[in-house]
Amino acid sequence: MGLAVKRFVGELPVQAVYDIRTNILKKPMDIAVLRRKLPEIGQGHVLRFYESMDSSGRQNLIRQLQSLDFQNIADLVQTHVRIKPAIALPAGIEPVIPFPHTPDADRRQLYEDARKRGGEILAEGKVGAFLVAGGQGTRLGYEGPKGEYPITPVKNKPLFQVFAEQLLAHSRRAGRTIPWYIMTSDINDMQTRAFFHKHHFFGYEEESVFFFQQGMMPAFSMDGRIVLSEQDSLALSPDGHGGSLRALEKSGALADMRRRGVEHLSYFQVDNPLVYCIDQLFLGLHEITGSEMSSKTVPKANAMERVGNFVMGDGVLQVIEYSDLPESLATQTHPDGSLRFNAGSIAIHALRVSFIERLNEGGRLALPWHRAEKKVPCLDDRGQLVKPDKPNAVKLEQFVFDAIPLAKNAMVYSTERRDEFSPVKNAEGVDSPETCRRDQIRRGAKWLKDVGVEIPYRGKEPDAKIEISPLKAVVAEDLRGKTLPTKQVKAGGSVYIGE
Ligand code: UTP
């Protein structure tokens, strides 16, 4: 063992193979190249402990460095780390008028056609499901991928299972399995795959699930030096959900879609079990309107709610973050008191594959980077770990909604929060497992009530735990005409409506 390890210590052999799953470059740089290139971009210090590392430490560091785009890093240090880029708001910011949830008389036919078209593109195999699950989930604080988190009110099904069952139900309807692209990151990839295997993909066809990893970005000291978290490791974090649009290309997922004939992606995030992973009407509207990227919106809970705002900025549809929308605009109201800027983003989109390809043309994803100052534990010059008590580093991320202004015919469709949005972000309080379970129960109670089941209420809240399996119903209408195990839910009881 000792000998083998010893023999390996030294310059690493150049790996000739491109591993699409780890995003390692086609022609990886060996240590000699890294020693030359890193100082050229002002990052030579990351190799300062290299000589004293064992072989696995060296391999780890080299693997991390190989996955970085050096020129991009050099550019970003100048434009986003050493200085804070000015946030350029459009000169004219106006509210957006989304497609309404319920069509008016003029649009009734359009919605009917769209629903039908949505069904057709699903049956033709033109739609893929796209789950982004590469985030760190720091606010929730769960050890492990967030998708493992048990979230349903009765059966405690994990988030991943909720999506798998929905997609299974839609696949049955479409008469073919919907390809499912799942983005992970270096921090949770192995665990995510193992979880799916352990649970036999929750009944989903394994061959139709495509896991791939997003890119990682290093944190930088305020003066632009990459932060080391260990002697053999950079302080890396996922490059934001916008990075998904690059990772789709780099991983070969886009090529896979081309092979399968997938033309549209239904995009959703791992933290919202109320999401309709597939929505026939929304997908149909997206297709019929020729939109390259479509989005769902809900009315904001209040003027300053911490969600992105859909606006027309200089005539172009875009999302302005809650922190960037001037308060004077955010609080503007109509004469009836309702908010003028009321279109909150809930991170549900439909994207054309051809659009994602275009965004990647020229080898660099055409999305801006966002800068955030964070507390990042880092090594000092002697190799000792320092835990800062105030922000000491810059992290950079890309956001998926920044693609919207680049899309042709981008459209927004309005929906109801109680139907489709209750994310698990925090351990407690707002957007927590508790509020999410409550919202699942509220929705389940409403669906059952609509088909004549008696629901007990305590005040305004249903007084029972209620869960409906997606295999029984993915939307309220699915319960119509189906046999249900009960006509009356008992106060304080627990009801599971399974397949
Ligand atoms: P959030 O913005 O809530 O970030 O992600 P997060 O990392 O999961 O959680 P916090 O902020 O550390 O608490 C919204 C969605 O985008 C995905 C997440 O997995 C989640 O589905 N995401 C986020 C990625 O896939 N990659 C990223 O780099 C960031």
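Small disclaimer: the values here were computed from a predicted structure and weren't measured. (Residues numbered from 1 in each chain as written. Predicted model: local features only at pLDDT ≥ 70, side-chain atom pairs only at ≥ 80, totals over all residues. Heavy atoms only, no water.)

K.L.:
Outline the overall build of the protein chain, supporting the account with residue identities and numerical values.
P.N.:
In terms of regular secondary structure, the protein chain is built from 14 helices and 23 strands. The globule rule puts the C-alpha radius of gyration for 499 residues at 23 Å, and the 24 Å found for the protein chain is close to it. Each of the three principal axes of the protein chain carries a C-alpha extent, and together these read 70 × 55 × 45 Å. Out of the 499 residues in the protein chain, the part that is buried amounts to 53%. For the protein chain, restricting intrachain contacts to residue pairs at least 6 apart in sequence, the fraction spanning at least 24 positions comes to 76%. Here the protein chain displays about 23100 Å² of accessible surface, and carbon together with sulfur accounts for 50% of that area. (Helix = DSSP H or I, 4+ residues; strand = E, 2+ residues; numbered from the N terminus. Rg over C-alpha atoms; globule rule 2.2 N^0.38 Å. Buried < 20%, exposed > 50% of the residue type's maximum accessible area, 1.4 Å probe, protein only. Contact = heavy atoms within 4.5 Å. Areas by Shrake-Rupley, 256 points an atom, 1.4 Å probe, with all protein chains shown as cover.)

K.L.:
If you had to explain the site of the ligand to someone new, which residues and values would you point to?
P.N.:
Surrounding the ligand, one finds 18 residues, the nearest of these being Gly-134, Gln-136, Thr-138, Gln-214 and Gly-240. Within the backbone of Gly-134, one N or O atom sits 2.8 Å away from an oxygen atom of the ligand. Taking Arg-139, its main chain carries an N or O atom lying 2.8 Å from an oxygen atom of the ligand. Looking at the shell around the ligand, its residues break down into 5 nonpolar, 9 polar and 4 charged. (Near = heavy atom within 4 Å. Polar contact = N/O pair within 3.5 Å; in protein donor to acceptor, adjacent residues only side chain to side chain. Nonpolar A, V, L, I, M, F, W, Y, C, P; charged D, E, K, R; others polar.)

K.L.:
Could you give me a rundown of unusual backbone geometry, with the residues and numbers involved?
P.N.:
In the Ramachandran plot, Asn-156 falls in the positive-phi region, its phi being about 55° despite a non-glycine side chain. On the secondary structure map, Asn-156 appears in the loop between strand 2 (127-132) and helix 6 (159-174). Notably, Asp-431 is not glycine yet its phi reads approximately 50°, a positive angle. With respect to the helices, strands and loops of the structure, Asp-431 is situated in the loop between helix 13 (417-420) and helix 14 (433-450).

Taken by themselves, the reported measurements are silent on function.
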